[in-house]
Amino acid sequence: MKTLNITRSAVLSFIVAFTSAPAFAADTYYTDQGHTEVRLEWSHAGVSTQSAEFTAVNGMLNLDPDNVEKSSVDVTIDATSISTGFGPLDDHLKSKDFLEVETYPEIKFISTGVKKTGEDTADVTGDLTIHGVTKPVTLNTKLTHLGEHPLGGALDYYKGQWVAFSATTEIDHQAFDVGGFSTGPITIKIITELKDRQ
């Protein structure tokens, strides 16, 4: 089976963008679907590296810019939206052999903690649920933008405050009961832009 790779930059974007409203002062941002990507990479039996993308992602981030470690993220991925560019492979990944999307149509990430690691980087820990199994993961994230969007002066859509992140992590898909065998970890990469209104 192919291993899946999730980049931490994507995860960081998710984490900063998706958070339940806390008791402290924070700004709430929502993922912009047109500028959010969750990419996967895995080894195909050690012969080649294959990739896929989840194309439907919804997340909310509660960001405290004065105390990033109080921020939180809540993200939902539509498991049925996985796309490799090859229909038969998409169907196989959605089947009972792997994601079993008819029974488990959603993938969830809910942050449990944020640790600042640099001026614009942080480790975001949280609970990742795939195929009905929940495991802790850590996303290595990097903030790439915070404030007015550069295109806000030209297009109304981009007016307002935006935040953007990238995140990466690796998971063992078999730990989530996905697939019968593994040839290595799945790398997950997340790139996202979030805006201050839905």
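Here, the structure is the one placed above.
Criteria and cut-off values
- Residues numbered from 1 in each chain as written.
- Predicted model: local features only at pLDDT ≥ 70, side-chain atom pairs only at ≥ 80, totals over all residues.
- Heavy atoms only, no water.
- Helix = DSSP H or I, 4+ residues; strand = E, 2+ residues; numbered from the N terminus.
- Buried < 20%, exposed > 50% of the residue type's maximum accessible area, 1.4 Å probe, protein only.
- Contact = heavy atoms within 4.5 Å.
- Areas by Shrake-Rupley, 256 points an atom, 1.4 Å probe, with all protein chains shown as cover.
- Salt bridge = Lys/Arg side-chain N within 4 Å of Asp/Glu carboxyl O.
- Patch = residues over 30% accessible without salt bridge, like charges linked within 9 Å, V, L, I, M, F, W, Y side chains within 5 Å.
- Arc of directions from axis to C-beta.
- Polar contact = N/O pair within 3.5 Å; in protein donor to acceptor, adjacent residues only side chain to side chain.
- Phe/Tyr/Trp six-rings, centres within 6.5 Å; stacked < 30°, edge-to-face > 60°.
- Pairing = 2+ DSSP bridges.

**So, the overall build of the chain**
Argument step 1. Within the chain, the regular secondary structure consists of 2 helices and 10 strands.
Argument step 2. Counted from the first residue to the last, the chain has its helices and strands arranged as α-β-β-β-β-β-α-β-β-β-β-β.
Argument step 3. Burial analysis of the chain (198 residues in total) assigns 44% to the buried set.
Argument step 4. If you take every contact in the chain between residues at least 6 apart in sequence, the share linking residues at least 24 apart comes to 68%.
Argument step 5. Total accessible area on the chain is roughly 9,300 Å²; 50% of this is exposed by carbon and sulfur atoms.

**Let's talk about the pattern of salt bridges**
Argument step 1. Counted by the stated rule, this structure contains 7 salt bridges.
Argument step 2. Residue Asp-74 is joined to Lys-108 by a salt bridge in which the shortest nitrogen-to-oxygen separation is 2.9 Å. One end of the pair, Asp-74, is in strand β4 (residues 72-78); the other, Lys-108, is in strand β6 (residues 106-116), with 34 residues separating them in the sequence.

**Quick look at unusual backbone geometry**
Argument step 1. Despite not being glycine, Ala-45 shows a phi value in the positive range, around 60°.
Argument step 2. With respect to the element layout, Ala-45 can be found in the loop between β1 (27-44) and β2 (48-54).
Argument step 3. Within the chain, His-131 stands out as a residue other than glycine whose phi angle is a positive 60°.
Argument step 4. Mapped onto the elements of the fold, His-131 is located in the loop between β7 (121-130) and β8 (133-148).
Argument step 5. Note on His-131: relative accessible area 12%, which makes it buried.

**Some points on a nonpolar patch on the surface**
Argument step 1. A cluster of nonpolar side chains, contributed by Leu-151, Leu-155 and Tyr-157, occupies part of the molecular surface with about 270 Å² of accessible area.
Argument step 2. Of the residues examined, Leu-151 reaches a relative accessible area of 39% and is grouped as partly exposed.

**Re helix α2 (residues 87-94)**
Helical geometry: 3.6 residues make up each α-helical turn, so side chains three or four residues apart lie on a common side.
Argument step 1. Residues Leu-89, Asp-90 and Leu-93 constitute the buried set of α2. Along the axis of α2, the buried residues cluster in a sector spanning 105°; they form a single face. The exposed residues of α2 that point more than 90 degrees off its buried face are Pro-88 and Asp-91.
Argument step 2. The secondary structure elements touched by the buried residues of α2 are β1, β2 and β5 (82-83).

**Overview of the side chain of Ser-43**
Argument step 1. The residue Ser-43 is located in strand β1 in this model.
Argument step 2. Here the side chain of Ser-43 touches Gly-46 through a polar contact of 2.9 Å, landing on its backbone nitrogen.

**What to know about the packing of aromatic side chains**
Argument step 1. Enumeration according to the criterion identifies 3 aromatic pairs in this entry.
Argument step 2. A centroid spacing of 5.5 Å and a plane angle of 35° characterise the contact between Tyr-158 and Trp-162, whose relative ring orientation is tilted. Note on accessibility: Tyr-158 and Trp-162 belong to one class, buried.
Argument step 3. Every member of this aromatic cluster is reached through a ring pair, and the members are Tyr-157, Tyr-158 and Trp-162.

**Here's the deal with the pairing of β1**
Argument step 1. Sheet analysis places β1 next to strand β3 (residues 57-63), joined by 4 bridges and oriented antiparallel. Bridging from a neighbouring strand, Tyr-30 pairs with Met-60 of β3.
Argument step 2. Bridge analysis of β1 against strand β10 (residues 186-195) gives 4 bridges, and the strand direction is antiparallel. The residue of β10 that forms the bridge with Thr-31 is Leu-194.
Argument step 3. Judged from the 7 bridges that link them, β1 and β2 form a sheet pairing that is antiparallel.

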